Amino acid sequence: MTPLTEAVAASRQAVAVDAALIAKATDMIGDFAVNLSIALIILIVTVFAARWAAGAVRRMLSRVRGFRHDPTVLSFAVQVVRVVVYVIGFIAVLQRLGVQTTSIIAVLGAASLAVGLALQGTLSNVAAGVLLLVLRPYKVGDIIDIGGVSGSVQRLDLFVTQMSNANNHKIVVPNSKVIGDVIINLSGQKTRRVEILFTVGYGSNLKQARAVLTGVARAHPAVLPDPLPWAGVTNLLDSAVEVTLHAWVKSGDWWQTKADLMQAGKEALDAAGIEIPFPHQVAVDYDPPAAGPDPVEPEPKPDMPAPIPLARKPSRRLIRKA
């Protein structure tokens, strides 16, 4: 074989190898483009599926009588369903791009362990949110008191409880703090008791004061007839007698009724001539007594000369000779 023939054969072989590499690269690029397109389609479908699943869960729970008027359960369930759909779609996208499902599960397991150790407080908030959903000590719209902070519940999320107080301040409390503290549901019952403390003078007619206060409560349209309003002496203070008024109202009428009864009770006591004591400042004439005489000090004694010490006689020692 001549050198020219060998060169031609080598060039043909090189051209064949290059063509094979180009064809393989083209196939790989084409497959990646197809997989990427399908992954994008899966991602778009996941977004729409999450919205559809959330809406379906909301509609399904709205048909249940126990959850129909409870937006707390609805919002919580919708969030959980949306997160689950997003996780499934994310795994499908990674698998379509060539990532093995087994490795995905292993990575998620290791990541969940690491995240669980790093975010123990956050995960405790999630667990507390699930407990709050199951126990349901309050729902959206209730007025609650948590650790001395009062407000109306606006939303219950996986991590926090959002409230709004009377000044329209947004209050965010972690669920772990909510479940670990005392929860007072101020609007959890249909009726509430109004308690107002009045003070009258010791010289007042206590029976008349009680009758005046109960009459004011019975005349108010928001006060319920059952149980009947009650007034009684509850304490004997230093300069006044404490008379307490109890009246039952609906939970929604509590604030305004308490303000009305406090004003009406004060006006009724004034009209009946019953004194409501308050601190007074009285000017008293004070004439200090005259200063007394100075104390008499004893006269100092003259100094006496110090005594002269007596001379000591030398002592004699007996020496015995052997």
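Residues numbered from 1 in each chain as written. Predicted model: local features only at pLDDT ≥ 70, side-chain atom pairs only at ≥ 80, totals over all residues. Heavy atoms only, no water.

Engineer: What exactly am I supposed to notice about the packing of aromatic side chains here?
Structural biologist: Two numbers describe a pair of aromatic rings. These are the distance of the centres and the angle of the planes. Applying the stated criterion to the full structure yields one aromatic pair. When the ring of W254 is compared with that of W255, the centres are 4.9 Å apart and the planes differ by 90°; the resulting orientation is edge-to-face. One Lys or Arg, R51, reaches over the ring of F48 and ends 6.0 Å from the middle of that ring. The cationic tip of R192 hangs over the ring face of W254; the distance from NZ or CZ to the ring centre is 4.1 Å. (Phe/Tyr/Trp six-rings, centres within 6.5 Å; stacked < 30°, edge-to-face > 60°. Lys NZ or Arg CZ within 6 Å of the ring centre and 35° of its normal.)

Engineer: Explain the nonpolar core here, please?
Structural biologist: Proteins that are soluble and globular tend to have nonpolar side chains buried together. Counting 21 residues, the largest nonpolar core has V200, L213, L261 and L269 as the members making the most contacts within it. If you list the elements that add at least two residues to this core, you get β6 (191–200), α6 (206–219), β8 (241–250) and α7 (254–271). Not counting residues up to four positions away in its chain, the partners in contact with L213 are F198, A231, V243, L245, G265 and L269. Counting residues in hydrophobic clusters, the runner-up holds 10 residues, among them L132, I146, M163 and V173. (Core = buried A, V, L, I, M, F, W, Y, C linked by side-chain atoms within 4.5 Å. Buried < 20%, exposed > 50% of the residue type's maximum accessible area, 1.4 Å probe, protein only. Helix = DSSP H or I, 4+ residues; strand = E, 2+ residues; numbered from the N terminus. Contact = heavy atoms within 4.5 Å.)

Engineer: Help me understand the layout of surface pockets in this model?
Structural biologist: Taking a probe equal in size to a water molecule and rolling it over the atoms shows the remaining empty space. Here the second largest pocket is characterised by a volume of approximately 170 Å³. Looking at the second largest pocket, the residues that line it are I143, S150, G151, S152, S164, N165, A166, L186 and W255. In terms of residue count, the dominant contributor to the lining of the second largest pocket is strand β2 (residues 149–156) (three residues). Tallied by class, residues from the lining of the second largest pocket come to four nonpolar, five polar and no charged. (1 Å grid on protein atoms, 1.4 Å probe; cavity = no way out; pocket = protein on both sides within 12 Å on 5 of 7 lines; lining within 4 Å. Points joined across faces, edges and corners; volume = space filled by probe spheres on them. Nonpolar A, V, L, I, M, F, W, Y, C, P; charged D, E, K, R; others polar.)

Engineer: In this structure, what is going on with the pairing of strand β7 (residues 230–236)? I would like to understand it.
Structural biologist: Side-chain positions along a regular strand alternate between the two faces of the sheet. Taken together, the six bridges between β7 and β8 define a ladder with antiparallel strand orientation. Each bridged residue has a counterpart across the sheet, and for A231 the counterpart in β8 is L245. The turn linking β7 back onto β8 is made up of four residues. (Pairing = 2+ DSSP bridges.)

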